[in-house]
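Tertiary structure, described
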Amino acid sequence: MAAGVSKNNISVTLRVWRQAGPGKPGGFVDYPAKNVNSNMSILELLDVVNDELTLKGDEPIAFAHDCREGICGTCSLMIDGKPHGPNQGVASCQTYMRSFEDGAVIVIEPFRAAPFPIVKDLVSDRSAFDRIQQAGGFITVRTGAAPDANSIPVPKADAELAMDAAACIGCGACVAACKNRSAVLFVAAKVSHLGLMPQGQPERDSRVLAMVNTADELGFGSCTNQGECSAACPKMISHDFIVRLNRDYLAASFRSAFCAHAAGGHAE
Amino acid sequence: MAKLDSRIPPGPLAEKWRRHKAEIKLVNPANKRKYEVIVVGAGLAGSSAAATLGELGYKVRCFVFHDSPRRAHSIAAQGGINAAKNYQNDGDSVYRLFYDTVKGGDYRSREANVHRLAEVSVNIIDQCAAQGVPFAREYGGLLANRSFGGAQVSRTFYARGQTGQQLLLGAYSALSRTVGQGLVQLHTQEEMCDLVVIGGQAKGIITRNLVTGKISRWAADAVILATGGYGNVFNLSTYARGSNATAIWRAYKRGACFANPCYTQIHPTCIPVSGDYQSKLTLMSESLRNDGRIWVPKRKEDCKKDPATIAEEDRDYYLERIYPSFGNLAPRDISSRAAKRVCDEGRGVGESGLGVYLDFSDAIKRLGEDTVRERYGNLFDIYHEITNENAYRTPMRIYPAVHYTMGGLWVDYNLMSNLPGLFVLGEANFSDHGANRLGASALMQGLADGYFVIPYTIGDYLASQKPGSRPSTDAPEFKQAEDSVTSIISRLLGAKGTHPVSHFHKRLGHIMWHYCGMARTREGLETALKEIPKLREEFWATVKVPGSADTLNQSLEVAGRVADFLELGELMCRDALTREESCGCHFREEYQHPDGECKRDDANFAHVAAWEYQGAGAEPLRNVEPLVYEAIKMSVRNYK
């Protein structure tokens, strides 16, 4: 193993889900990794294992990754049954080998959910999130049509709370953690972010209806308030936003049923 | 030889953009839908361009290699976005932002482009606020600002430490809306592999679907590249692992000039490399230098000791010693080079010896731990998460790292390259930052280009193209480009070699870092120009790329990108060698003032070097666009 010199090197076994493609059968394969520098991230260990597989003539393990600093939301490993691994408030790329004991067997799987079909090995297709956004995750403003930014004051407390919700990186850990495969924390974060701002009011009803309904149509499950999503979220998005979402959804459903004009501006 | 007409409009600087907008050609609304525009990339520049052009009525296709447009690396920008709003009433103006940016770029940017950037900066903030970007606010509900390097006013807007993510989510929401409305066709996990040029004009692209491996041809009336920077040439950088130069490099090989490739910014405060396996360097905000003191041991033999046991008189606070007036707040390039120098002397700290201490113990004594935590708590947390060290107790270790490239494809005032129909936006072009970019200006440029420049300037080109004259993808140029892509792929898969791609990327990174990094010399660059072609030859002879072309094959993706870096790296060294002066981030040791500042040579090098491809194995041609300063007097950049 090409790891750096360190007093803290460990040996582990990676038990990795291998699957050649969508709909193909999959299974676990063990990869022993010796003399692993504990300051390495788990993705960097996969890089090293993959180089070894390449040299042996085997196909490397496909896994999703990009920024490797916990902000792009690409990495998506289920590590020992937990999305993004044992530590709270971090993405897979921020999970370091010092989180594991010497001799550990580490089980690595993709994020699994019917609306996130597996593409290959540890990569699943999360484009369903994009479709939820396309249904209503925006404030309609044509480029160039905006008023001066300071003509829309936003109370500081609302702006801070909106920012808490906006911190969502769209990784899908919430869905992978949920026994119902619900996307409700994701939708709640998006709906709350925009719904807390004065700019977001005109489309508030149409937005929440369109996003929740689209998530349902895509096959995401319902919420049963277990809180697994918030616990797994790398940005620790609060479960309270789900309460806010439910309130918005109920109010919007009511208004759209009884006062047709109030739900105007529904996404086309 | 390429014709480089910058097409800077006539008239006084402050009037140019307004007049230009009034005079350039328009496409009538009924005709817009007859034009198809390809946008490659969906970071700030690409998303904002695709959404805006879709709104205007053009038929837009947007291609990204990511699985979602929201993942582009604009997302990782931390600090903020500049705008000349003057909400602080502290004397800011469009002129000051323009002046600071030109001066920051060490007088190597194009005056007219930078002035336009400063003008539209105010519109960006309006646009983003209206989209619901959760900017930091004051108690009265109005927008807050912070200060940033290279400016004496407070003009930076921010959203906690994730301004990039919030601005990108704003642009992504605009893009998502237009996709939902059917105005933009989004193609994710579809990587551009070649540009198709017909009759000297850009008329399409070839892509590879990263999941299925399918190669496709796409014809268009115009092609926009917004594919970001090329800092991953260095292998280790603050860029995302996927960031690459393939789109702009293959456009270069089709005739687009590559301007100032050697201008690379190296940020002084990053977490140092900890081992050979490392894939990524993480930036720590420069603001830490406000209260931290930078030092290394005076004696080499103390370097491996616990820093707490090194006596005060045995420490060398080298920035305070060498630059007494600026001390730890010396400009980015100066601080980076000084750190390199002490480490080269063998006085670096940490396992690799490539690190210096950033020590907060004096600040904690002076202000108390709580105040330091309040100011920098999140950064100390990031540091702890990565290194497992508590920076309240032991000094941080930092080292410079590559994090932005100012060079890129050459563009005129309309952001069109020398190939008509090919437009280049954001970090992928060269025009606005000269030889050094100021903090909080990258986000500004990406959104300026996408929201407020290209929607006007693309019309000027399209109006000259007959509606419906778009070529068919059966044209021989498409077939030739597709064949070229498939031949690269089969060559990569066919080389049954002995080394993984990472082996070559690491070695290229070492060469670039040593010879074309923070400090460059003629001798070093000449060495690099010998070593890179050798490494490239070795790559093609001994690389091993497993798997096949018709499925998700990440090794193949990386191999293609590294093959391009192996060519681009050589061009960067060639550019650095021929620019016989120091300016901004391009520091040639031969050309410096006695105090270590860059010694520019305005008589001979006040120009853009735009390289033109001459075929495989042939030396590229160095074209020159003179930089004429009408409004600003060039002077020695001085921050003392």
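Residues numbered from 1 in each chain as written. Chains lettered and ligands numbered in written order. Predicted model: local features only at pLDDT ≥ 70, side-chain atom pairs only at ≥ 80, totals over all residues. Heavy atoms only, no water.

**A word on the overall build of chain B**
The condition is simple: Here a helix means four or more residues in a row that DSSP labels H or I, a strand means two or more in a row labelled E, and each is numbered from the N terminus. Note on method: radius of gyration uses C-alpha positions; expected globular size equals 2.2 Å times residues raised to 0.38. Each residue is placed in one exposure class: buried if its accessible area under a 1.4 Å probe, protein chains only, is under 20% of its type's maximum, exposed if it is over 50%, and partly exposed if it falls in between. The contact definition used throughout considers only heavy atoms, calling two residues in contact when any of these lie within 4.5 Å. All accessible areas in this document rest on Shrake-Rupley with a 1.4 Å probe, and a residue is counted as covered only by the protein chains that are shown. When charges are tallied, Lys and Arg are placed among the positive residues and Asp and Glu among the negative ones, while His and the ends of the chain are skipped. Working definition for charges: the position is that of NZ of Lys, CZ of Arg, CG of Asp or CD of Glu.
Counting its secondary structure elements, chain B contains 17 helices and 19 strands. At 24 Å, chain B has a C-alpha radius of gyration in line with the 26 Å of a compact globule built from 640 residues. Taken over the C-alpha atoms alone, chain B extends approximately 75 × 65 × 50 Å along its principal axes. Out of the 640 residues belonging to chain B, those deemed buried represent 65%. Taking the contacts inside chain B whose residues are at least 6 apart along the sequence as the reference set, 74% of them involve residues at least 24 apart. Split by element, the accessible area of chain B, about 21600 Å² in all, is 50% carbon and sulfur. Considering chain B, the positive charge centre built from 78 side chains and the negative charge centre built from 73 side chains are found 3 Å apart.

**Here's the deal with the overall build of chain A**
Counting its regular elements, chain A contains eight helices and seven strands. Viewed in the frame of its principal axes, chain A has a C-alpha envelope of about 65 × 40 × 35 Å. When the 268 residues of chain A are sorted by exposure, 58% land in the buried category. Considering only contacts in chain A between residues 6 or more positions apart, those separated by 24 or more positions represent 71%. In the form shown here, chain A has an accessible surface area of approximately 10400 Å², with 53% of it arising from carbon and sulfur atoms.

**Things to note about the interface of chain B and chain A**
Note the threshold: Computed with a 1.4 Å rolling probe, the buried area is the accessible surface lost when two parts are put together, summed over both parts. Within this document, salt bridges are pairs made up of a side-chain nitrogen of Lys or Arg and a carboxyl oxygen of Asp or Glu, the two lying within 4 Å of each other. A 3.5 Å cut-off defines polar contacts: any pair of N or O atoms within that distance qualifies, except that in protein one atom must be a possible hydrogen donor and the other a possible acceptor, and neighbouring residues in sequence count only when both atoms are side-chain atoms. In this count, Pro and Cys sit with the nonpolar residues alongside Ala, Val, Leu, Ile, Met, Phe, Trp and Tyr, while Asp, Glu, Lys and Arg are called charged and the others, Gly among them, polar.
Contacts between chain B and chain A engage 77 residues on the former and 77 residues on the latter. Both sides together, the interface formed by chain B and chain A hides about 6200 Å², and carbon and sulfur atoms give 51% of it. By the criterion of area lost to chain A, the three top residues of chain B are B:Arg71, B:Arg137 and B:Tyr277, representing 12% of everything that side buries. Between the two partners, chain B and chain A, sit five salt bridges. Remark: the boundary between chain B and chain A carries 43 residue pairs in polar contact (both at pLDDT 80 or more). Among the secondary structure elements, those contributing two or more residues to the side of chain B that touches chain A are helix H3 (44-56), helix H5 (111-131), helix H6 (163-180), helix H11 (369-387), helix H12 (442-462) and helix H16 (554-578) of chain B. Considering each element in turn, the side of chain B that touches chain A owes the most residues, nine residues, to H6(B). Of the residues assigned to the side of chain B that touches chain A, the class counts are 28 nonpolar, 33 polar and 16 charged.

**Some words on helix H2 (residues 127-136) of chain A**
Across the 10 residues that make up H2(A), a large majority, nine, are buried. Taken together, the buried positions of H2(A) are occupied by A:Ser127, A:Ala128, A:Phe129, A:Asp130, A:Ile132, A:Gln133, A:Gln134, A:Ala135 and A:Gly136.

**Quick look at helix H14 (residues 501-516) of chain B**
Along an α-helix, residues three or four apart share an orientation, since each turn contains 3.6 residues. Residue and element names in this part refer to chain B. For the record, the criterion: The length a helix should cover is 1.5 Å for every residue beyond the first. This arc corresponds to the set of directions leading from the helix axis out to the C-beta atoms.
For H14, which comprises 16 residues, the first-to-last C-alpha distance of 21 Å matches the rise-based estimate of 22 Å (1.5 Å per residue) to within 8%. Taken together, the buried positions of H14 are occupied by Val501, Phe504, His505, Leu508, Gly509, Ile511, Met512 and Cys516. Buried positions in H14, seen along its axis, are confined to an arc of 165° and lie on one side of it. The inward-facing, buried residues of H14 contact helix H15 (522-542) and H16.

**Brief notes about the state of the cysteines**
Heads up, the rule is: The disulfide criterion used throughout: a pair of cysteine sulfur atoms within 2.5 Å.
Applying the stated criterion across every chain yields a total of zero disulfides over all chains. No disulfide involves A:Cys229; its nearest neighbouring cysteine sulfur is the one of A:Cys223, lying 6.3 Å away. Classification of A:Cys229 by relative accessible area gives buried; the value is 10%. Considering cysteine sulfurs only, B:Cys583 is the nearest to B:Cys598, which forms no disulfide, with 6.8 Å between them. Residue classification places B:Cys598 among the buried positions, given a relative accessible area of 9%.

**Structural notes on the domain arrangement of chain B**
Residue and element names in this part refer to chain B. Which entries qualify depends on this criterion: The start and end points of each domain follow an automatic or database-based domain assignment.
One can read the domain layout of chain B as domain 1 (13-262 + 406-462), domain 2 (266-403) and domain 3 (476-605). On the domain 3 side, the residues contacting the 47 residues of domain 1 number 49 residues. Counting across the domain 1 and domain 3 interface gives seven salt bridges. Taking the shortest distance from any N to any O, the salt bridge between Arg561 and Glu191 comes out at 2.9 Å. Our enumeration of links across domain 1 and domain 3 arrives at 20 residue pairs in polar contact (both at pLDDT 80 or more). Elements that contribute at least two residues to the side of domain 1 that touches domain 3 include exactly strand S6 (190-198), strand S7 (201-209), strand S8 (215-219) and helix H7 (246-252). Here the side of domain 1 that touches domain 3 is composed, by residue class, of 25 nonpolar, 11 polar and 11 charged.

**Section: the sheet that holds strand S5 (residues 105-110) of chain A**
Residues and elements named next belong to chain A. Heads up, the condition is: Pairing between two strands is assigned when DSSP locates at least 2 bridges connecting them. Fitting a line to C-alpha atoms yields each axis, with helices limited to the stretch in contact; the angle taken between N-to-C directions then spans 0 to 180 degrees.
In space, the five strands of this open sheet follow the order S2-S1-S5-S3-S4, with mixed pairing throughout. Looking at which strands have only one partner, the edges of the open sheet turn out to be strand S2 (26-37) and strand S4 (82-83). Relative to S5, strand S3 (residues 77-79) runs antiparallel, the two being bridged by three bridges. The partner of Met78 across the bridge, within S5, is Glu109. On top of the sheet, helix H1 (residues 42-56) reaches strand S1 (9-19), S2, S3 and S5; it is set at about 75° to S1, its chief contact.

**Structural notes on the domain arrangement of chain A**
Residues and elements named next belong to chain A. Domains assigned within chain A are domain 1 (9-120) and domain 2 (127-263). Of the roughly 1400 Å² buried where domain 1 meets domain 2, counting both sides, 65% is carbon and sulfur surface. Area buried by domain 1 at its contact with domain 2 is led by Pro83, Pro115 and Phe116, which between them contribute 34% of it. Where domain 1 meets domain 2, there are zero salt bridges. For the pair domain 1 and domain 2, the interface holds three residue pairs in polar contact (both at pLDDT 80 or more).

**With respect to the packing of aromatic side chains**
For any two aromatic rings, the description comes down to two numbers: the centre-to-centre distance and the angle of the planes. Residue and element names in this part refer to chain B. Where we set the bar: Centre distance within 6.5 Å is the pairing criterion for rings of Phe, Tyr and Trp, where only the six-membered ring of Trp is used; planes under 30 degrees apart are then read as stacked, over 60 as edge-to-face, and the remainder as tilted.
Per the stated rule, a full pass over the model turns up 29 aromatic pairs over all chains. Geometrically, the ring pair formed by Tyr252 and Phe258 is edge-to-face, given 6.2 Å between the ring centres and 80° between the ring planes. Tyr252 sits in the buried class, given a relative accessible area of 2%. A residue is classified by how much of its surface remains accessible, and Phe258, at 0% relative accessible area, is buried. Relative to Tyr357, the ring of Trp295 has its centre 4.7 Å away and its plane inclined at 40°; by these criteria the two rings are tilted. Of the two residues, Trp295 sits in strand S12 (residues 293-297) while Tyr357 sits in strand S14 (residues 356-359), which places them 62 residues apart along the sequence. Across the pair, Tyr357 and Trp295 agree in class, each one buried.

**Points about the confidence of the model for chain A**
All names here are of chain A. Note the following rule: Confidence of the predictor at the level of single residues is captured by pLDDT, which takes values from 0 to 100.
When pLDDT is averaged along chain A, the result is 94; 94% of the residues meet or exceed 70. Every residue in residues 1-6 scores below 50 in pLDDT, and together they form 19 contacts with partners more than four places removed in sequence or on other chains. A low-confidence stretch, residues 262-268 (pLDDT under 50), is modelled with 14 contacts involving residues beyond four sequence positions or located in other chains.

**Comments concerning the environment of B:Ser464**
Residues and elements named next belong to chain B. Looking at the secondary structure, you find Ser464 in the loop between H12 and helix H13 (476-494). Using a relative accessible area of 44% as the deciding quantity, one classes Ser464 as partly exposed. At a separation of 2.5 Å, a polar atom in the side chain of Ser464 contacts the main-chain carbonyl oxygen of Tyr461.

**Brief notes about the sheet that holds strand S15 (residues 396-405) of chain B**
Residue and element names in this part refer to chain B. The five strands are arranged S11-S15-S14-S12-S13 in an open sheet whose pairing can be described as antiparallel. Taken across any chain shown, the strands that pair with only one partner, and hence form the sheet edges, are strand S11 (264-270) and strand S13 (315-316). Along the sheet face, helix H9 (residues 332-344) touches S11, S12, S14 and S15 and points at about 70° away from the line of S11.

**Points about the pattern of salt bridges**
All names here are of chain B. Following the criterion strictly, the structure yields 63 salt bridges over all chains and no others. Where Glu36 meets Arg61, a salt bridge forms, and the shortest distance between an N and an O atom there is 2.8 Å. Here Glu36 is found in strand S1 (residues 36-40), whereas its partner Arg61 is found in strand S2 (residues 59-63), with 25 residues between them in sequence. One network of salt bridges, in which partners are shared, links Asp106, Arg108, Arg579, Glu581, Arg600 and Asp602.

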